[in-house]
Amino acid sequence: MGQETQPPEEGRADVPERVSGDEPLLAARVHRPSDLMRLLGGLLAIGLVLAVAAFAHFTTSGLEKDINAGAGGAPDVFVKIAGLVSSIAVLLVPVAFAIERLVKRDGLRIADGVLAAVLAHGVTLATDLWVAEAAPGAIRDALTQPQSGGGLTDPVHNYLAPVIAYMTAVGMARRPRWRVSLWVVLLLDAFTMLVAGYTTALSIVLTVLIGWTVAYGTLYAVGSPNVRPTGQTLLAGLRRVGFRPVTALRAEGVPDAADSGDRGRRYIVTLEDGPPLDVTVVDREQQAHGFFYRAWRRISLRTITTRRSIVSLRQALEQEALLAYAAIAAGANAPKLIATSELGPDAVMLVYEHIGGRSLDALDDHEITDDLARSAWRQVKALQSRRIAHRRLTGDAILVDRSGRVVLTDLRGGEIAAGDLVLRMDVAQLLTTLGLRVGAERAVAAAVEVLGPDTVAGCLPLLQPIALSRSTRATLRKLARERSAREREAVLAASAAAKRERELAKAEAAGAVDASDHTAVRIPAKAGSKAEKAEKKADKKAEKRALDTALDEAREEDLLAQIRQQVLLIRPQAPVEPVRLERIKPRTLVSLIAGAVAAYFLLSQIASTPLSTISEADWRWVAAAVLFSALSYVAAAMSLLGFVPERVGFRRTVVAQVAGSFVKIVAPAAVGGVALNTRFLQRAGVRPGLAVASVGASQLFGLGAHILLLLSFGYLTGTEKSRSFTPSRTVIAGLLTVAVLVLVVTAIPFMRKFVSTRLRSLFAGVVPRMLDVLQRPVKLVTGISGMLLLTGAFVLCLDASIRAFGHDSQSISFASVAVVFLAGNALGSAAPTPGGVGAVEGALIGGLVAVGHLPIEVATPAVLLFRLLTLWLPVLPGWLCFSWLTKREAL
C-alpha cells in the first residue's frame, strides 16, 4: 500500500518463518507524549492547589475544622494500630514489588522507580524549605499545623511522595492487585496522619501530586521501555487468525503523516499458499506520533474541520475497518481488508490484500497522464457519492497498480457521513496535489470533467493553506521561497543590465563630445551642475522603471492563485472569499494570555499606589516629561530617514511615527512599527525591496546602538560610586549570561538554524543599503543622531517622571535610569503583548527598585506616568494621524 515493493519468493512448508531483510531496530526506550501530558497536568494541578491555599484561606481553615471534628470520635487505639500498620506496609509493599520484578528480570523498571523516588525526595525537601522560608503566610497555614511540642508539621511528607513516585514510575498502576494494595496502604496512612493532626488535607493532596508529577517527568526524560511489537510478533499474530506466513518484509520509504497520525509499520507477508498480504501494525507509540500538532489543530481550527486528536487502539481499528468496507461499497478502489487482530495489549494489526504498485509521489511527471488524473477524480467522486471524506488525498495516499488502476489508501483518517465543508476540503486538497505535479490547468480540467464545474467551483473558499495537509503546506512554502529567489535574481540582473546600459550610453555621449570638442560651447558651471542633477534624476527614474518592469515580468503567481484563475475561467461568478477555518491564531492566543497577565499586574500595581501619591506629583516635571515624550517622535523620524537615500518628506515622516503609537497598541512592539514604516516608505515612492532594506538597516543599526549604550551606561553605573574604573559585578554577570546564551544558541543546530533564518529574512538586503547610506555622510549622521536623540528623549522622560514623584534624596543618576530603560525596552520588544504591556512595566519597576534603590511607592507611579505619556496618551493622536495618512494614501 505504499511504494512498489516486490514480495519475497513464496516459501515451502518446511521453510521456517522469518522476517526478511534487516528490519530497522526499534529504539530501546521511547519518550511517550502521554507522560509529558501527565507531567504538564500535574504541574497545573500543583499550581491550583497552591492558589487555593493562598486565596481560599477561609475554605481551607473550615475544611481543617470539619476534619478535626469528624475525626474526634475515632477510637484512639484504632488510630494507633492503623498508623503502625500503614507506616510499615507503605515501605514493605514497594520492596515486595521490586523483588518480584527483579525475579522476572525487569530491573530497568526498578531503576526508573528508584530514580523517580530520589528526585521526588529532593523536590519535597525543596518545597518544605520554600514553604518555611519564603512562601506567603496563607500557604504556610494551609499546608502545616502547629505541633504540641512547638514548631510546625512538614508541608510535604518526605517519605510519602517518593513512594508514590516509585509506584507510578515502575508501573504498579497497570497491575491491579499491587495497585489496590498500595493505594489502600497510602489512604490508611493519610487518614491516620490527618486524625492525629500531623498534616493537613492540602498537604496530602500536594504530596500525592508532587510524587505523581515527578514520576512522569522522570519517565519522559529517561524514556520508557519500548514494548512495540516486532516482525516476529506479527508472524505469531497472523498464525492466530488462521494464516500460514513464511516471511515478512518491512516496507520502507513510507513517510509518516503527523497531521493524521502515524500510519503504522507496513509489512509484505508471503504465505505458504495464496497471494501475499499487506499488513499494517499500529501501536500506542505510533498512534501518539504528532499528538501535539493534532491537539493544536483541534484547538485552533473550528470543530467542523477537525477530528479527535487521539483515539484508542480499538476505536482506530474499528474506524479503519469501517472506512475500508464503506469505500469498497461506494464503488471506489480501495485495499480490501480481510482480517484484523490485536497484538497484545498495546498494538493491533490490519491485514489487506496485497496491491503491487507505486504511489503518485513515486511516479515521474510524464507518467501522470490526464487519464490517470481523471481516474483519481472518479475515485473521489465515488467516495463523495456516499458522503465519505478521505481527509488526506496527498500523493503517497494515491496508489497506481501495475495495470494503471488508481487505488485510494490510508483511509484511517477518513470520515463517514461527512459534511459539505469536509467534502469540499477533499476536492481542494486533490486539486492542489495534482496541481503540484501536472499544473493548475490540467488538474482543474480533469476535476471539471469528472465532478462538474459547480462542484469544483464550490471548493474555492476552501482553497487556502490551512485547509491542506501538513506535507502539502510544506511543499507550497518551499515553492514560495524558490519563487522569491527567482524574482530577486531577475530584479538584480535587470538592475545590473540597466546600469551597464547607462554607463555605455554615457561613454558614447562622452566620446561624441570629445569628437566635437573644437566646436563645443563652454557651459557655465552653475548650468552644468543643474544638468548633472537632472541627469541623475533621470537615471534614477529610468532605473526605477527598469526594476519595476523586471519585477512585473519575473513575478510568478503561486499554485493556489493559478487554480483559482482556472476555475474562475469556467465559473466567473464562483465565490472566492475564503471560509474562516481558524478559531484562534497562535499569536492571538499568546497575546491574550500575556495581556491577561499584564492586566492583572498593572491593576495590582495601580491598586497598591495611594491616590495621595499621584496628587503630590510635581507638575513642572510632568510637563518636562510630556515635552521629552513629544521629542521622541522627531528623533524617530530622523533615525528612519537617515537610512533612506531617497527623498522623503520630514514632516510626513514625523506624522507616521505618531501614527505608530496607535499601531503599537494593536500589535507587538517589535512588529507594528516595522510594518508601518515599511508601508509608509513604499507609499512615499521607495521600491518595496529597498523600503524593507531601509527599515531593516535602521533596526540593525538601532540594535547595535542599543547594546552599545546599555554596556556603556552599565559600565558607568558600576563605577559612578567609586574612583575605580572596574565595572560592577552586575555588568560582568550580565555579559557572561549573554555570552552563555549566544554559545547555547550557536551550539544547538535547531536553534542556530532558527535564529539565522529569522535574521536573514529580517535583514535581507541590508548590507547593500548600508553601503548606499555610507556614500551620503549627511544621511548617516542624521540616522545616528536620531537614534541617540530617541534614546535620550525616552531616558529624560523616565527621569522626569521619577523626579515628579520623588525628592532629590531619592533621585538616581542619569546612567542608572538609562540602564533601567534600555533593559526594560529590550524586554518589551521581545514580549508578545501589544506595546510590551506588562513586561515593560515590570522590568522598569523592578529595575528602579534594584538598581536605583527607589522605594516601590515612588517607582510604581513614576513608571505608570512614563508609560501613560509614551504609550497610552499618544493613542488618540496616533489614530488621527493614521487616519489622515490613510486618506492621503500615504499608508
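Anything mentioned here points back to the structure above.
Residues numbered from 1 in each chain as written. Predicted model: local features only at pLDDT ≥ 70, side-chain atom pairs only at ≥ 80, totals over all residues. Heavy atoms only, no water.

I would appreciate a short explanation of the overall build of the protein chain in the present structure.
Counting its secondary structure elements, the protein chain contains 33 helices and 11 strands. In the protein chain, buried positions account for 44% of the 891 residues. With an accessible surface of roughly 45900 Å², the protein chain has 63% of that area assigned to carbon and sulfur atoms. (Helix = DSSP H or I, 4+ residues; strand = E, 2+ residues; numbered from the N terminus. Buried < 20%, exposed > 50% of the residue type's maximum accessible area, 1.4 Å probe, protein only. Areas by Shrake-Rupley, 256 points an atom, 1.4 Å probe, with all protein chains shown as cover.)

Teacher, can you tell me more about the packing of aromatic side chains here?
Aromatic ring pairs are defined here through the distance separating the ring centres and the angle between the ring planes. Following the criterion strictly, the structure yields 3 aromatic pairs and no others. Considering the side-chain rings of tryptophan 212 and tyrosine 216, the 5.1 Å spacing of their centres and the 75° angle between planes classify their relative orientation as edge-to-face. In this pair, tryptophan 212 and tyrosine 216 both sit in helix 8 (residues 201–222), 4 residues apart, roughly one turn of the helix. Among the residues examined, tryptophan 212 registers a relative accessible area of 29% and is labelled partly exposed. Take tyrosine 216: its relative accessible area is 12%, and that puts it in the buried class. With 6.2 Å between their ring centres and 85° between their planes, phenylalanine 821 and phenylalanine 866 make a pair best called edge-to-face. A residue pair is termed long-range when its members are at least 10 positions apart, and phenylalanine 821 in helix 30 (residues 814–830) and phenylalanine 866 in helix 32 (residues 856–872) qualify at 45 residues. Here the aromatic cluster, defined as three or more aromatic residues joined through ring pairs, consists of Phe794, Phe821 and Phe866. It is arginine 803 that lies over the ring of tryptophan 621; its NZ or CZ is 5.7 Å from the centre. (Phe/Tyr/Trp six-rings, centres within 6.5 Å; stacked < 30°, edge-to-face > 60°. Lys NZ or Arg CZ within 6 Å of the ring centre and 35° of its normal.)

Can you walk me through the packing of helix 31 (residues 839–850) against helix 32 in this structure?
Helix-helix packing is characterised by the crossing angle of the two axes and by the distance between the axes. The N-to-C vectors of helix 31 and helix 32 enclose an angle of 140°; their axes lie 9 Å apart at closest approach. Put simply, helix 31 runs oblique to helix 32. Crossing angle aside, the handedness with which helix 31 passes helix 32 is right-handed. Every residue of helix 32 that contacts helix 31 at Val840, Glu841, Leu844, Ile845, Leu848 and Val849 is listed here: Ile856, Ala859, Thr860, Val863, Phe866 and Arg867. (Axes fitted to C-alpha atoms, helices over the stretch in contact; angles between N-to-C directions. Parallel < 35°, antiparallel > 145°, perpendicular 65-115°, else oblique. Left-handed = near helix turned anticlockwise from the far one by under 90°. Contact = heavy atoms within 4.5 Å.)

Would you mind going over the side chain of asparagine 677 with me for this structure?
Topologically, asparagine 677 is positioned in helix 24 (residues 669–683). Within the structure, the side chain of asparagine 677 is placed 3.0 Å from the side chain of glutamine 657, a separation counted as a polar contact. Leaving out residues up to four positions away in the same chain, asparagine 677 has contacts with Leu640, Gln657 and Val695. (Polar contact = N/O pair within 3.5 Å; in protein donor to acceptor, adjacent residues only side chain to side chain.)

For this particular structure, what's the right way to read the packing of helix 29 (residues 777–805) against helix 32?
Running from amino to carboxyl end, helix 29 crosses helix 32 at an angle of 135°, the nearest separation of the two axes being 8 Å. Of the possible angle classes, the one that applies to helix 29 and helix 32 is oblique. Of the two elements, helix 29 crosses helix 32, and the hand of that crossing is right-handed. Packed against helix 29, whose contacting residues are Phe794, Cys797, Leu798, Ser801, Ile802, Ala804 and Phe805, the element helix 32 presents Val858, Pro861, Ala862, Leu865, Phe866, Leu869 and Thr870 at the interface. Of the residues belonging to the contact of helix 29 with helix 32, the class tally is 12 nonpolar, 2 polar and no charged. (Nonpolar A, V, L, I, M, F, W, Y, C, P; charged D, E, K, R; others polar.)

Which parts of the structure should I look at to understand a positive patch on the surface?
A cluster of like positive charges, contributed by Arg470, Arg477, Lys478 and Arg481, occupies part of the molecular surface. Position of arginine 477 among the secondary structure elements: in helix 17 (residues 470–515). (Patch = residues over 30% accessible without salt bridge, like charges linked within 9 Å, V, L, I, M, F, W, Y side chains within 5 Å. Salt bridge = Lys/Arg side-chain N within 4 Å of Asp/Glu carboxyl O. Lys, Arg positive; Asp, Glu negative; His and termini not counted. Charge placed at Lys NZ, Arg CZ, Asp CG, Glu CD.)

Got a minute to help me understand the side chain of threonine 432 in this structure?
Position of threonine 432 relative to the elements: it lies in helix 14 (residues 420–438). With residues near it in sequence (within four places) discarded, threonine 432 still touches Leu463, Leu468, Thr472, Leu476, Leu559, Leu560 and Ile563.

Would you mind showing me how to read the environment of glutamine 319 here?
Along the chain, glutamine 319 falls in helix 12 (residues 313–329). With relative accessibility at 29%, the residue glutamine 319 sits in the partly exposed group. When the C-alpha atoms of glutamine 319 and glycine 414 are compared, they prove to be 8.4 Å apart, with 95 residues separating the residues in sequence. Those residues in contact with glutamine 319 that lie beyond four places of it in its chain are Arg412 and Gly414. At 3.1 Å, the side chain of glutamine 319 forms a polar contact with the backbone oxygen of glycine 414.

Explain unusual backbone geometry to me, please; I cannot follow it from the model alone.
Among all residues save glycine, negative phi is the norm, and among peptide bonds the norm is trans. Positive phi, close to 60°, is recorded for arginine 387, a residue that is not glycine. On the secondary structure map, arginine 387 appears in the loop between helix 13 (370–385) and strand 10 (398–401). A residue is classified by how much of its surface remains accessible, and arginine 387, at 34% relative accessible area, is partly exposed. Look at alanine 417: it is not a glycine, yet its phi comes out positive at around 55°.

Looking at this model, I keep getting lost on the environment of methionine 167. Mind explaining?
When you line up the elements, methionine 167 lands in helix 6 (residues 160–169). Along the backbone, methionine 167 and alanine 116 are 51 residues apart, and their C-alpha atoms lie at a distance of 9.3 Å.

Help me understand helix 12, please; the structure alone is not making it clear to me.
Helical periodicity: at 3.6 residues per turn, an α-helix aligns residues three or four positions apart in one direction. Here helix 12 is 17 residues long and its end C-alpha atoms lie 24 Å apart, about the 24 Å a rise of 1.5 Å per residue gives. Taken from the residues just after helix 12, glycine 331 is the one with a positive phi, measuring 95°. (Expected span 1.5 Å × (residues − 1).)

What exactly am I supposed to notice about the nonpolar core here?
A general trend in soluble globular proteins is that nonpolar side chains are found buried together. Trp377, Leu431, Leu434 and Ile563 are the most contacted members of the largest nonpolar core, which has 54 residues in total. The set of elements that each furnish at least two residues to this core consists of helix 12, helix 13, strand 10, strand 11 (406–408), helix 14, helix 15 (440–451), helix 16 (453–457) and helix 19 (559–570). Each residue touching leucine 431, except ones within four places of it in the same chain, is listed here: Trp377, Ala443, Val444, Ala447, Val456, Cys459 and Ile563. Counting 34 residues, the second largest nonpolar core, distinct from the first, contains Val622, Ala625, Val819 and Leu844. (Core = buried A, V, L, I, M, F, W, Y, C linked by side-chain atoms within 4.5 Å.)

Explain the sheet that holds strand 10 to me, please; I cannot follow it from the model alone.
Strands in a sheet are paired, the pairing made by backbone hydrogen bonds, and the direction either parallel or antiparallel. Read across the sheet, 3 strands follow the order 9-10-11 without closing on themselves; strand pairing throughout is antiparallel. The two strands at the open ends of the sheet, each matched to only one other strand, are strand 9 (357–359) and strand 11. The average undirected angle you get between the axes of adjacent strands in this sheet is 30°. Taken together, the 3 bridges between strand 10 and strand 11 define a ladder with antiparallel strand orientation. When the sheet's bridge partners are listed, isoleucine 398 is paired in strand 11 with leucine 408. Each of strand 10 and strand 11 is contacted by helix 13, which is oriented at about 40° to strand 11, the strand it contacts most. (Pairing = 2+ DSSP bridges.)

Keep in mind these numbers describe shape, not what the thing actually does.
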